[in-house]
Amino acid sequence: MLFDDDPLQRETIASVMVPVAVPGPYTYKVPPGVSVVPGTIVRVPLGPREVLGAVWDNEPDPAINPKKLKSISHVYEGARPLDKDLRRFIDWVANWTLAAPGMVLRMVLRSEEALEEEPPVAGVRKIEGAAPERMTPARSRVLETMEDGFAWTKSGLAHAAGVSPSVIDGLLHQEVLEVVSLPAAPPPPKPQVDFCKPDLTPAQREAADGLIESFDKGAAVSLIDGVTGSGKTEVYFEAVAEALRRDRQVLVLLPEIALTEQFLRRFEQRFGVYPAEWHSEVSPKNRARTWRGVASGDVRVVIGARSALFLPYLELGLIVVDEEHDSAFKQDDRVPYSARDMAVVRGHISRFPVVLASATPSIESRVNADMGRYRRFVLPERASGAALPELKAIDMRHQGPERGRWIAPELLVAMKEAFADGAQTLLFLNRRGYAPLTLCRTCGHRFQCPHCSAWLVEHRFQGRLVCHHCGHNEKVPESCPSCGSVDSLIACGPGVERVAEEVADRFPEARTLILSSDLPGGPDRLRREMKIVEEGGADIVIGTQLVAKGHNFPKMRLVGVIDADLGLAHGDPRAAEKTFQLLAQVTGRAGRVTGGGKGFLQTYSPDHPVIKALLSSDRDAFYEAEIAARQAAGLPPFGRLAAIVVSGPDKRFAEDFARAFVRAAPREPAITLLGPAEAALAMVRGRYRYRLLAMAPRQLDLQAYLRAWLEQAPRPVKGLRVQVDIDPQHFL
DNA sequence: GCGGTCATTGGA
DNA sequence: CCAATGACCGCA
């Protein structure tokens with residue numbers, strides 16, 4: 001805050017938010033002759049170091065001793081102050097997540113480089129008429145390359161001429177070349193709204209028109225609920241085009257970096273240019289450019305991961321959240337926010353439309369749509385006209401494979417047909433490794449993780465037993481550690497490696513490929529292999545959940561789910577929802593382009609509502625059943641799932657607090673603890689000591705509830721962390 | 001969040 | 001005995 005209207009010329013002071021976990025802004029002196037406004041980005045001393053900060057709106061804390069005040073040490077004149085909407089957003093997110101506001105600000109000020117002008121690049125240019133004393137082949141190649149008279153960067157020139165940089169240095173030394181300063185990179189080209197207008201189906205057109213209308217309605221939220229392959233992207237591209245026509249910036253959020261590459265290509269086909277990218281793998285330099293471009297308005301469209309929500313847009317006018325149901329939009333360290341929900345909040349604060357898109361919307365978005373809070377646009381058919389895959393259950397109780405095999409006869413027959421037709425098959429099993437459990441046939445010893453209670457999963461390629469929970473791993477022993485028997489260990493149940501073994505046995509002539517995140521070679525290899533599958537270079541693919549997203553596999557016509565029940569029995573209250581979403585996405589791969597796709601679900605519970613809804617392709621049936629099931633379990637139809645994590649210095653008291661909460665919460669009708677109290681109080685490793693899972697209805701202000709709880713505690717509780725996984729619609 | 005401070009642990 | 005490691009505090 002600026003107090004320069006003070007007639008006594010008292011020293012001016014300002015509130016400054018610092019990017020650390022303190023409860024609120026700190027007060028600093030403003031050096032004479034300097035003026036700051038709320039939002040100004042500054043550098044201030046904090047303890048023994050200096051940190052970035054932003055001038056905040058709060059009145060300076062009157063309790064602070066004025067003698068203690070330090071001065072703002074630097075004002076970033078070149079950077080535009082953070083605008084009022086962004087400051088309100090930061091405060092809102094901090095309050096909602098119970099995180100320190102400074103930690104939210106930190107997400108905005110992530111690129112320190114961006115606050116200064118980009119330094120000019122040194123280039124070299126040929127001096128007119130100059131020639132080296134002694135011509136060498138390398139030197140003449142350099143001079144030939146420079147015939148055009150343009151300036152080059154040193155490394156670019158060395159590369160183009162095929163010489164080492166020292167050759168260039170030599171020519172500089174002899175004053176044949178001179179150093180010039182190259183102008184900074186020009187602003188990126190603007191997307192062209194009408195570069196390549198798509199042909200939309202009537203259903204797509206209707207949805208697109210609906211989205212365009214929403215621009216005149218302030219903070220409207222729309223849900224595009226379209227089956228896999230229905231062309232949701234083309235629909236929201238029309239909303240992107242509308243925002244661009246209105247000279248507003250656009251943010252498209254994707255759950256995963258792996259999806260950006262093909263998105264970039266599609267965007268370029270539609271708008272003629274690449275949008276700016278923002279995610280953790282973007283280099284610091286490009287990150288700084290995008291940050292500056294977003295703030296100046298040079299960048300019109302950003303495609304990014306959740307953190308792109310915290311960029312300082314000049315005139316943001318649309319956020320699209322693609323695959324809105326995806327849990328990768330949730331961050332659970334530091335500031336635990338859901339980018340989907342905070343996108344809705346940001347749209348609300350700045351009065352612009354937000355579009356959520358998914359083939360399998362989250363329960364909360366679906367309920368919001370049903371209650372009229374969101375507009376819902378349904379795309380029931382594939383845009384290509386291809387039919388949705390025909391799905392069939394294989395009842396493993398009667399039609400299962402023989403002992404020690406995992407692929408049922410009926411699925412094998414379909415695989416043979418697909419192989420004969422030159423079509424691809426995907427066998428989906430969301431379990432890495434060879435076998436999820438190893439036991440000793442002599443004494444019955446089961447290999448368990450020494451840190452958690454999970455079974456150790458055998459990874460035969462690596463020859464190790466691995467805990468998928470905490471990462472613990474050990475070599476597969478020669479003999480049983482319990483009874484000492486040799487050659488007595490047996491693998492129980494299938495993982496992708498084991499299914500691949502069976503496929504190799506049944507289809508020796510087929511080209512098979514395992515797609516699993518833990519195979520040696522890392523992300524590069526995975527990317528290559530995805531490409532191989534895309535181009536038809538594999539006949540049978542055995543994959544974990546990473547095959548569910550992105551990537552079109554044009555030749556894929558058959559999907560076999562090895563264990564459709566996996567995930568349904570989980571203690572997670574969202575287990576059914578997650579399984580439905582995953583299996584709908586996976587089976588949706590079949591015949592996505594060509595039609596004629598088929599899918600098989602191997603299951604022991606063909607009557608489970610999730611399986612039945614998948615089989616009938618009746619998505620409404622799933623949502624109705626799931627909402628009813630939650631009500632029957634005494635949970636709010638959809639609520640706010642809170643993990644209350646208690647840690648801190650006084651461990652014994654933290655434990656007491658956790659136990660007291662578990663005892664009291666069931667009597668508080670507004671909060672439902674999930675599972676038996678003992679199970680709900682589960683120790684987690686690392687910094688957190690206790691994690692309680694509670695489901696609270698949307699009407700309850702969980703923050704207020706917890707604050708009241710803390711006030712009645714006999715001693716102050718430190719280190720209480722609350723992770724809230726909630727839908728903030730109600731509070732807007 | 002991070003750097004400084006102070007206490008605890010562990011190797012002689 | 002001290003060095004290394006870890007918990008905790010305060011920052012304006």
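Residues numbered from 1 in each chain as written. Chains lettered and ligands numbered in written order. Predicted model: local features only at pLDDT ≥ 70, side-chain atom pairs only at ≥ 80, totals over all residues. Heavy atoms only, no water.

An unreviewed UniProt entry annotates chain A as Replication restart protein PriA of Roseibium aggregatum. Per UniProt, the comment on chain A under Sequence similarities (unreviewed entry) is "Belongs to the helicase family. PriA subfamily." Chain A has a UniProt comment under Function (unreviewed entry) that states "Initiates the restart of stalled replication forks, which reloads the replicative helicase on sites other than the origin of replication. Recognizes and binds to abandoned replication forks and remodels them to uncover a helicase loading site. Promotes assembly of the primosome at these replication forks." (UniProt positions renumbered as here; feature names shortened; annotations may be inferred.)

Strand order in the open sheet made by the three strands is β7-β6-β8, with antiparallel pairing throughout. What marks the edges here is a single partner per strand, and that holds for β7 (152–153) and β8 (177–182). Relative to β8, strand β6 (residues 121–126) runs antiparallel, the two being bridged by six bridges. Bridge pairing in β8 places Lys126 opposite Leu177. Across the sheet, helix α5 (residues 165–173) is in contact with β6 and β8; its angle to β8 comes to roughly 105 degrees. (Pairing = 2+ DSSP bridges. Helix = DSSP H or I, 4+ residues; strand = E, 2+ residues; numbered from the N terminus. Contact = heavy atoms within 4.5 Å. Axes fitted to C-alpha atoms, helices over the stretch in contact; angles between N-to-C directions.)

This brings us to the nonpolar core. Counting residues in hydrophobic clusters, the biggest one holds 57 residues, and the most contacted among them are Phe89, Leu251, Leu253, Val302, Leu309, Phe310 and Ile319. When neighbours within four sequence positions are excluded, Leu309 is seen to be in contact with Phe89, Leu251, Leu253, Ile319, Ala339, Met342, Ala343 and Arg346. With 34 residues, the next largest nonpolar core counts Val547, Ala590, Val610 and Leu614 among its residues. (Core = buried A, V, L, I, M, F, W, Y, C linked by side-chain atoms within 4.5 Å. Buried < 20%, exposed > 50% of the residue type's maximum accessible area, 1.4 Å probe, protein only.)

This next bit is on unusual backbone geometry. Even without glycine at this site, Asp247 takes up a positive phi of about 60 degrees. Inspection of the secondary structure assignment puts Asp247 in the loop between α7 (232–245) and β10 (249–253). Exposure remark for Asp247: the relative accessible area of 53% places this residue in the exposed category.

Further remarks concern the UniProt feature "binding site: Zn(2+) 2" (unreviewed entry) in chain A. Sites flagged by UniProt as "binding site: Zn(2+) 2" (unreviewed entry) map to Cys449, Cys452, Cys467 and Cys470. Checked against the element boundaries, Cys449 lands in the loop between β18 (437–440) and β19 (457–459).

Burial along strand β24 (residues 540–543) is two-sided: the face carrying Ile540 and Ile542 and the face carrying Val541 and Gly543 are both buried. By the bridge criterion, four bridges tie strand β17 (residues 424–428) to β24 in an arrangement that is parallel. Bridge pairing links Leu427 to Ile542 in β24. Where strand β23 (residues 512–515) meets β24, four bridges bridge the pair, whose relative direction is parallel. Bridging from a neighbouring strand, Ile514 pairs with Ile542 of β24. Crossover handedness for the path β23 to helix α14 (residues 522–534) to β24: right-handed. (Right-handed = clockwise from strand over helix to strand, strands pointing away.)

Looking now at the protein's contact with DNA strand B. Close to DNA strand B lie Val20, Ala21, Pro48, Arg49, Met103, Arg106 and Arg334. Backbone sugar and phosphate groups make up 74% of those atoms of DNA strand B lying within 4 Å of the protein. Interatomic distance of 2.5 Å between a side-chain N/O atom of Arg49 and a base nitrogen of DNA strand B. Contacts to DNA strand B include Arg106, whose side-chain N or O atom sits 3.2 Å from a sugar or linking oxygen. Residues belonging to the surface near DNA strand B are distributed by class as follows: four nonpolar, no polar and three charged. (Near = heavy atom within 4 Å. Polar contact = N/O pair within 3.5 Å; in protein donor to acceptor, adjacent residues only side chain to side chain. Nonpolar A, V, L, I, M, F, W, Y, C, P; charged D, E, K, R; others polar.)

Residue placement: Thr360 occurs in the loop between β14 (354–358) and α11 (363–370). Ignoring sequence-local partners within four residues, the contact set of Thr360 consists of His325, Phe580, Gln581, Ala584, Gln585 and Tyr623.

It is worth spelling out the sheet that holds strand β3 (residues 41–46) at this point. Here we have five strands laid out as an open sheet, ordered β2-β1-β4-β3-β5, and antiparallel in their pairing. Every other strand in the sheet has two partners, leaving β2 (26–29) and β5 (74–75) as the edge strands with one partner each.

Tallied over the full model, the rule gives 12 aromatic pairs. Summarising the aromatic geometry, the rings of Phe267 and Phe271 are spaced 4.6 Å apart at their centres and angled 35 degrees between planes, so their arrangement reads as tilted. Of the two residues, Phe267 and Phe271 both sit in helix α8 (residues 260–271), four residues apart, roughly one turn of that helix. On the basis of relative accessibility, which here comes to 0%, the residue Phe267 falls in the buried class. Between Phe419 and Phe507, the ring centres sit 6.3 Å apart and the planes meet at 85 degrees, which makes this aromatic pair edge-to-face. Residue Phe419 is found in helix α12 (residues 409–420), and its partner Phe507 is found in the loop between α13 (496–506) and β23; the two are separated by 88 residues along the sequence. What makes Phe507 buried here is its relative accessible area of 3%. Three or more aromatic residues joined by ring pairs form one cluster here, namely Tyr236, Phe237, Phe263, Phe267 and Phe271. If you follow Arg270 out to its NZ or CZ, it ends over the ring of Phe271, 4.5 Å from the centre. One cation-aromatic arrangement involves Arg287 over Trp278; the distance from NZ or CZ to the ring centre is 5.0 Å. (Phe/Tyr/Trp six-rings, centres within 6.5 Å; stacked < 30°, edge-to-face > 60°. Lys NZ or Arg CZ within 6 Å of the ring centre and 35° of its normal.)

All right, on to the layout of surface pockets then. Approximately 830 Å³ is the volume found for the second largest pocket. Contributing to the lining of the second largest pocket are 33 residues, with Pro188, Arg289, Thr290, Gly293 and Val299 lying nearest its centre. The set of elements that each furnish at least two residues to the lining of the second largest pocket consists of β11 (276–278) and α9 (284–296). No other element matches α9, which puts eight residues into the lining of the second largest pocket. (1 Å grid on protein atoms, 1.4 Å probe; cavity = no way out; pocket = protein on both sides within 12 Å on 5 of 7 lines; lining within 4 Å. Points joined across faces, edges and corners; volume = space filled by probe spheres on them.)

With that settled, consider α14. In this model, α14 (13 residues) spans 19 Å end to end at C-alpha, consistent with the 18 Å of a helix rising 1.5 Å per residue. Every buried residue belonging to α14 is among Leu526, Glu529, Met530 and Val533, and all of these are buried. Taken around the axis of α14, the buried residues stretch over an arc of 105 degrees, which confines them to a single face. Of the surrounding elements, those touching the buried residues of α14 are β17, β23, β24 and β25 (556–561). Following α14 by one or two positions, Gly536 has its phi on the positive side, about 85 degrees. (Expected span 1.5 Å × (residues − 1). Arc of directions from axis to C-beta.)

As a working rule, side chains carrying opposite charge can pair if their charged atoms are close by. Under the criterion given, the structure shown has 40 salt bridges. Here Asp57 and Arg87 are joined by a salt bridge, their closest N and O atoms 2.8 Å apart. Of this pair, Asp57 sits in the loop between β4 (49–55) and β5 while Arg87 sits in helix α1 (residues 84–97), and the two are 30 residues apart along the sequence. By relative accessible area, which is 22% here, Asp57 ends up partly exposed. A single salt-bridge network, built from bridges that share partners, covers Asp194, Lys197, Asp216, Glu242, Arg245 and Arg246. (Salt bridge = Lys/Arg side-chain N within 4 Å of Asp/Glu carboxyl O.)

Under the UniProt annotation, "domain: Helicase ATP-binding" (unreviewed entry) lies at residues 213–379. Between the end C-alpha atoms of residues 213–379 there is a gap of 18 Å, over a span that is 36% helix and 21% strand.

Here the focus is helix α15 (residues 575–587). Between its first and last C-alpha atoms α15 spans 18 Å; for 13 residues at 1.5 Å apiece the expected length is 18 Å, and the two agree. Where burial is concerned, most of α15 is hidden: 12 out of the 13 residues are buried. Three or more residues of α15 are buried, namely Ala575, Ala576, Glu577, Thr579, Phe580, Gln581, Leu582, Leu583, Ala584, Gln585, Val586 and Thr587.

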